[in-house]
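# A closer look at the structure
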Amino acid sequence: QVQLVESGGGLVQAGGSLRLSCAASGRTFSNYAMGWFRQAPGKEREFVGGITWSGDSTSYSDSVKGRFTISRDNAKNTVYLQMNSLKPEDTAVYFCARGAGPWGISPRDFGSWGQGTQVTVNS
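Residues numbered from 1 in each chain as written. Predicted model: local features only at pLDDT ≥ 70, side-chain atom pairs only at ≥ 80, totals over all residues. Heavy atoms only, no water.

### Here we look at the packing of aromatic side chains
The cut-off we apply is this: Two aromatic rings, drawn from Phe, Tyr or Trp (for Trp, its six-membered ring), form a pair once their centres lie within 6.5 Å of each other, and the interplanar angle then sorts them: stacked below 30 degrees, edge-to-face above 60, tilted otherwise. We count a charge as sitting over a ring when the NZ of a lysine or the CZ of an arginine lies within 6 Å of the ring centre and within 35 degrees of the ring normal.
Scanning the model with the defined rule gives five aromatic pairs in all. Here the aromatic cluster, defined as three or more aromatic residues joined through ring pairs, consists of Phe37, Phe47, Phe110 and Trp113. The ring of Phe95 carries Arg45 above its face, with NZ or CZ at 4.0 Å from the centroid. Cation over ring: Arg45 sits above Trp113, and NZ or CZ is 5.0 Å from the ring centre.

### Quick look at the environment of Lys76
Using the following cut-off: Helix and strand definitions here come from DSSP, where helices need a minimum of 4 consecutive H or I residues and strands a minimum of 2 consecutive E residues; each element is numbered from the N-terminal end.
Position of Lys76 among the secondary structure elements: in the loop between β7 (68-73) and β8 (78-83). Separated by 52 residues in the primary sequence, Lys76 and Ala24 have C-alpha atoms spaced 8.7 Å apart.

### Remarks on the nonpolar core
Where we set the bar: Within this scheme, the nonpolar core is defined by two criteria: the residues are buried Ala, Val, Leu, Ile, Met, Phe, Trp, Tyr or Cys, and they are joined through side-chain atoms within 4.5 Å. Buried means the residue's accessible area, taken with a 1.4 Å probe over protein chains only, is under 20% of the maximum for its type, while exposed means over 50%, and partly exposed covers the values in between. Whether two residues are in contact is decided by their heavy atoms: any pair within 4.5 Å suffices.
Core analysis: the biggest nonpolar cluster contains 24 residues, and Trp36, Phe68, Val79, Leu81, Met83 and Tyr94 have the highest contact counts within it. The set of elements that each furnish at least two residues to this core consists of β3 (18-24), β4 (34-39), β5 (46-51), β7, β8, β9 (92-99) and β11 (117-122). By residue number, the principal contributor to this core is β3, which donates four residues. Not counting residues within four places of it along the chain, the set of residues in contact with Met83 comprises Gly16, Ser17, Leu18, Leu20, Arg67, Phe68, Tyr94 and Val119. In terms of nonpolar packing, the next biggest core, distinct from the first, is built from six residues, Ala33, Phe37, Phe47 and Ile105 among them.

### Brief notes about unusual backbone geometry
For Ser112, which is not a glycine, the phi torsion comes out positive at approximately 55°. Among the secondary structure elements, Ser112 is positioned in strand β10 (residues 110-113). Residue classification places Ser112 among the partly exposed residues on the basis of a relative accessible area of 37%. Positive phi values are uncommon outside glycine, yet Ser123 reaches one of about 65°. Here Ser123 shows up in the segment after β11.

### Things to note about the state of the cysteines
As a reminder of what qualifies: In what follows, a disulfide is any cysteine sulfur pair within 2.5 Å.
Enumeration over the complete set of coordinates arrives at one disulfide. Disulfide partner of Cys22: Cys96, at an S-S distance of 1.9 Å. Between Cys22 and Cys96, the S-S dihedral sits near 50°, and the bridge is therefore right-handed. With Cys22 in strand β3 and Cys96 in strand β9, the pair connects residues that are 74 residues apart, well separated along the chain. Cys96 carries the same exposure label as Cys22, and that label is buried.

### A word on the sheet that holds β3
Where we set the bar: Strand pairing is assigned whenever DSSP detects at least two bridges linking the two strands. For every element, the axis is a line fit to its C-alpha atoms; helices are fit only across the contacting stretch, and the angle between N-to-C directions ranges from 0 to 180 degrees.
What the four strands build is an open sheet, ordered β1-β3-β8-β7; its pairing is antiparallel. Among the strands making up the open sheet, the edge pair consists of β1 (4-7) and β7. The average undirected angle you get between the axes of adjacent strands in this sheet is 15°.

Put into structure tokens, the structure is as follows:
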């Protein structure tokens, strides 16, 4: 139904910043909430945050609240994750995901993940 392609990952020092992008195919992109998840080696996929279809509301996990910001540009079919003040514990593969509908931004509201982009934070 939808193809999601993440990009922007890389290696950064603690305290640094990265911006991830998720490009989505499909004509109905703007009708759905979008989210970000991450998965560290040996651990289960973890919810990072979500954003409603219009961008009016966002949600974040406690671990990233105040440091990460989700935004979207529906004209470009793209969702962003701005990551500031990165910590080593942020190291993971980051995935974007499409919601089941336009408004739900809780972890259980998302599915259809992309392939992920690696974020590594050291020092």
